[in-house]
Amino acid sequence: QKPIVIKFSHVVAENTPKGQMANKFRDLVAERLKGKVEVEVYPNSQLFGDNKVLEAMLLGDVQMAAPSLSKFSRYTKKLQLYDLPFLFENIDAVDRFQHGPAGQKLLQSVSKKGLIGLGYLHNGMKQLTASKPLRVPEDARGLKFRIMSSDVLAAQFKALGAIPLKKPFSEVFTLLQTKAIDGQENTWSNIYSKKFYEVQPYITESNHGVLDYMVVTSQEFWNGLPADIRAEVKSALDEAIAFGNQVAKEKAKSDKQKIIDSKRCTLIELTPAERAQWVEVMRPVWKKFERQIGKDLIDAAYASNQAK
Amino acid sequence: MTTVGLFALLFICMLLGMPIALALGLSSITTILLFSNDSLASIALKLFESLSEHYTLLAIPFFILSSAFLSTGGVAKRIIRFALSVVGHIRGGIAMASVMACMIFAAVSGSSPATVAAIGTIVITGMVRAGYPESFAAGVITNAGTLGILIPPSIVMLVYAAATEVSAARMFMAGFIPGLMMGLILMVAIYIAARIKKIPSQPWAGFREVFIAGGSAFGGLMLIIIVLGSIYGGVASPTEAAAVSAVYAFAIAVFGYRDMGPLKNVPWRLESESVGTAILRNTGQIIKALPKCVTDKDVNKVLLDASKVSIMLLFIIANAMLFAHVLTSERIPHHLAELIVSWGLSPWMFLVVVNLLLLAAGNFMEPSAILLIMAPILFPIAMKLGIDPIHLGIIMVVNMEIGMLTPPVGLNLFVTAGITGHSIGWVIRAAAPWLILLLFFLIIITYVPQVSLFLPEFLDKLHGY
Amino acid sequence: MFLRILNRTEEAIICLLLVLTTLLVFADVVMRFGFNSGFMWTQELTLHMSAWFVLFGASYGIKVGSHIGMDAFVKLFPPLGRRILTAIGCLLGLLYCGLVLYGSWIYLAKVKKIGIELEDLPIPAWIAHGMLIVGFTFLSIRILLLLRDVIIGRADGFRHADEAKESMEIVEELSKEEGLK
Ligand code: NA
Ligand code: NA
């Protein structure tokens, strides 16, 4: 009997946390479900880009993917929660929320469209990079920032009086290099791997938001798996995700250090007073999306900042 | 098995004379139906993704549109006059000027056949009149025209950038020095040949002529500044610069030079007209002419021609991506890469294989299609061997240049045959001696990566990275 | 008369899509560089218009014979042989269109059933991607017409124009002006 094939499609290189997580998952499944299930990993958008992979999944041609949470806006508005600025203090708060009941329930928010969230994977906390030093919100006024397609992120930069621009990832480096765009927000690992630190002289360590992924599959595929195999696959995935998250945390640290060591850009650390100003300017964004996301969810997420 | 089936089907379809796009599409879909579990629905989805998710590829229709306006707008004539005024007095100068004209035109246009057509038409006849053998003239231009894809901007480089996610701007920069070098090699060869064949030169027309000719060609030359300036000056990305250049080419052809469109033959300044009234009159006329462009015959023809070529290219590209998708989901590049890696080739030997493969493909296929099929296979292997992606790109582009000169499918050969009215066989013989230069050049490009990498790396250093 | 209006409309739509796509990207640059602002929806619209442009224009390419192909092999045969080979090519082309149409239908039905919109534009995805059906239907019709012409002996190939031939028109024009040749 032929093994069940899980095509795992993602858009990043194999040495990234996501790439390593996918490969770990492949290896664990090969070890534990030999002959029954086989995972094929397709990195670097070889199979589908993030915009189309979910459609391909619903058609049954891809079984697993891990798009960034902002990419789900066409499927649910609830996940916009993760884009809200200054909602989580740090990545541990994100962890607490995701493992709590509200975070787990949120995995089901895409089920109406035929998808199932299987778990969250970190990339890390986002920092601001720019062609000029950003210490207080006023510094960002009038600057052009590249963002992913997300209403929340657009509102966040508009709150600063800055101009959010949507540009394909492939063009960002050139636009930053030539200063056609003034800045962008991203995690330490993306700033390092995409070499943005080479073309952006200033990085503000703002930790103002989180960039996470959701590992998804289609209900049709998942519910069609024999129960015992499903449980095995899920436990292998959970283990792989835990491993990926560990890699992500270490990578955030080491990539930050590599950026500092490169001496190609200046790191700006905010004083508590300066950070409070950013929070004050950006937090009104929450109110705008309260109806779409749900106030209870926002409260639950905010509460996770208090370690139990 | 799958690989054999896929390529056999593609080959049969192409032999039947089917449009390449349909041949690529059909062989991909049939392979999927026969050998894999993927659904037809996901193929439709992939086809739409190929057409709608590649922002970089948008530069192709934009550059084609801008080239179309320039070619019909008489810009080529002005560029030739300028080139002639600069190097026309050197022995073999008209031929050298023609090469220079090709280089300048290449710096505003992204296509090789367009370069041959725009420059060749005028200069081949001109050279024959000045006492050059016709085969000499035709051979030089057919070769120099290939610079269209080596000197930026270049449609072929954009295709490579899209296929491998290498930065298009860096590719453009990397093509600059090789382009100048190839132009110089051609000029030196011409000078030597002209000495041997005792070909006459033109008298030096003086700096006045250089300035006048330069001024008259200024509108066209500005495009180089606009394209390269806006990319490196922080105004726009390559794709956006292409759109800007299309809009500019339209404006300069219709309102500037007025060789076409609603203002055709309307002078900027009438006799006995004061500057003030001329400005007023022209402003009024341009405002009135703008809506007329919608129904203008010349403008519509340029638009439709550019559309035809763009659709043809983009449709091939979309189907070639489908083809590449089949290759990937069947893990063919993966296996092929493992095979080649297992041969234990050194990078040196691998590049020989790459060149032979591409030269063979260049005999039969159109550059964009070759790149889209070959790049996904060769790129990962090259990365494993530590070859620079930009260097690999330039090697591929030079191979594509040669492909334009080799029968049976060689676009530049067709154009020159059309211009001169001679047979393809005659053109092949005329171009052959110069083709050898190009092969020699390919060897330099392949084994001296610094030629391609110097400028992008130097610019990076200049910026302190 | 009716046919002429139809032809003109087709050409106008093709040109309009190209012009609008170009102008949208141009406007993006002007807005960003000149006015320090930008729109969130232009990129998605641009990309979709360029997809519509190609899908809608592909069949026109068959009509005017602008799709590049390799006709060296077919040219080796006498006219009847050419017609037979081209007819086979047409049938294979129709098979391709049929398969894509079938796949598109399932895909669009699925997207419509899930009910998703585009990312930045409030347009249902199945409508935006519906050009797949329109384009490939027209493409099938044009290939059928070509097949008819091949059968009754009015055509013996896909009538390949190519980039070379396109460029030749420039040549003719320039020679006319120059009074050369
Ligand atoms: Na060029
Ligand atoms: Na060739």
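The rules we used
- Residues numbered from 1 in each chain as written.
- Chains lettered and ligands numbered in written order.
- Predicted model: local features only at pLDDT ≥ 70, side-chain atom pairs only at ≥ 80, totals over all residues.
- Heavy atoms only, no water.
- Core = buried A, V, L, I, M, F, W, Y, C linked by side-chain atoms within 4.5 Å.
- Buried < 20%, exposed > 50% of the residue type's maximum accessible area, 1.4 Å probe, protein only.
- Helix = DSSP H or I, 4+ residues; strand = E, 2+ residues; numbered from the N terminus.
- Domains from an automatic or database assignment.
- Contact = heavy atoms within 4.5 Å.
- Buried area = accessible area lost by both parts, 1.4 Å probe.
- Salt bridge = Lys/Arg side-chain N within 4 Å of Asp/Glu carboxyl O.
- Polar contact = N/O pair within 3.5 Å; in protein donor to acceptor, adjacent residues only side chain to side chain.
- Nonpolar A, V, L, I, M, F, W, Y, C, P; charged D, E, K, R; others polar.
- Axes fitted to C-alpha atoms, helices over the stretch in contact; angles between N-to-C directions.
- Parallel < 35°, antiparallel > 145°, perpendicular 65-115°, else oblique.
- 1 Å grid on protein atoms, 1.4 Å probe; cavity = no way out; pocket = protein on both sides within 12 Å on 5 of 7 lines; lining within 4 Å.
- Points joined across faces, edges and corners; volume = space filled by probe spheres on them.

Caption draft 1: Representation of the nonpolar core within the structure. Core analysis: the largest hydrophobic core is formed by 270 residues, its most contacted members being Leu-81 and Leu-84 of chain A, Phe-350 of chain B together with Tyr-96 and Phe-136 of chain C. Per element, the largest residue contribution to this core is 20 residues, and it comes from helix α14 (residues 297-329) of chain B. Residue assignment places this core across two domains, with domain 1 (41-54 + 313-462) and domain 2 (57-300) of chain B each supplying three or more. If sequence neighbours within four positions are ignored, Phe-350 of chain B has contacts with Ile-340, Leu-345, Leu-378, Ile-381, Ala-382, Leu-385 and Ile-387 of chain B. In this structure, Phe-8, Val-37, Leu-121 and Ala-236 of chain A belong to the second largest nonpolar core, which totals 27 residues.

Caption draft 2: Layout of the interface of chain C and chain B. Taken residue by residue, the interface counts 74 residues in chain C and 70 residues in chain B. Both sides of the chain C and chain B interface together cover about 6700 Å² of buried area, and 78% of this is carbon and sulfur. Counting every contact that joins chain C to chain B gives one salt bridge. At the surface where chain C touches chain B, the tally comes to two residue pairs in polar contact (both at pLDDT 80 or more). At the level of elements, α1 (2-35), α2 (42-64), α3 (79-114), α5 (131-151) and α6 (163-178) of chain C are the ones that each hand at least two residues to the side of chain C that touches chain B. Among the elements that take part in the side of chain C that touches chain B, α2 of chain C stands out by supplying 15 residues, more than any other. Looking at the side of chain C that touches chain B residue by residue, the class counts come to 45 nonpolar, 18 polar and 11 charged.

Caption draft 3: Seen up close, the packing of α2 of chain C against α5 of chain C. Residue and element names in this part refer to chain C. Relative orientation of the contacting elements α2 and α5 amounts to 5 degrees, with a least axis distance of 8 Å. Judged by the angle between their axes, α2 and α5 are roughly parallel. Contact residues: α2 offers Trp-52, Leu-55, Phe-56, Ala-58, Ser-59, Tyr-60, Ile-62 and Lys-63, while α5 offers Met-131, Leu-132, Gly-135, Phe-136, Phe-138, Leu-139, Arg-142 and Ile-143.

Caption draft 4: View of the domain arrangement of chain B. Residues and elements named next belong to chain B. Here chain B is described as being made up of domain 1 (41-54 + 313-462) and domain 2 (57-300). Its C-alpha centre places domain 1 at a distance of 25 Å from the equivalent point of domain 2. The partner domain 2 presents 47 residues to the 49 residues of domain 1 that form the contact. Of the roughly 4100 Å² buried between domain 1 and domain 2, counting both surfaces, carbon and sulfur atoms make up 81%. Viewed at the interface, domain 2 and domain 1 are joined by zero salt bridges. Connecting domain 1 to domain 2 are four residue pairs in polar contact (both at pLDDT 80 or more). Taken together, the elements giving at least two residues each to the side of domain 1 that touches domain 2 come down to α14, α17 (367-384), α18 (389-403), α19 (411-420), α20 (424-447) and α21 (450-462). The residue makeup of the side of domain 1 that touches domain 2, split by class, is 39 nonpolar, eight polar and two charged.

Caption draft 5: Summary view of empty space enclosed by the protein. By the definition in use, this model includes seven cavities of 30 Å³ or more. Looking at the largest cavity, its volume works out to about 110 Å³. Of all the secondary-structure elements, those providing two or more residues to the lining of the largest cavity are α3 (40-52) and α14 of chain B together with α2 of chain C. Per-class residue counts for the lining of the largest cavity are nine nonpolar, four polar and no charged. The residues that make up the lining of the largest cavity include at least three from each of domain 1 (41-54 + 313-462) and domain 2 (57-300) of chain B.

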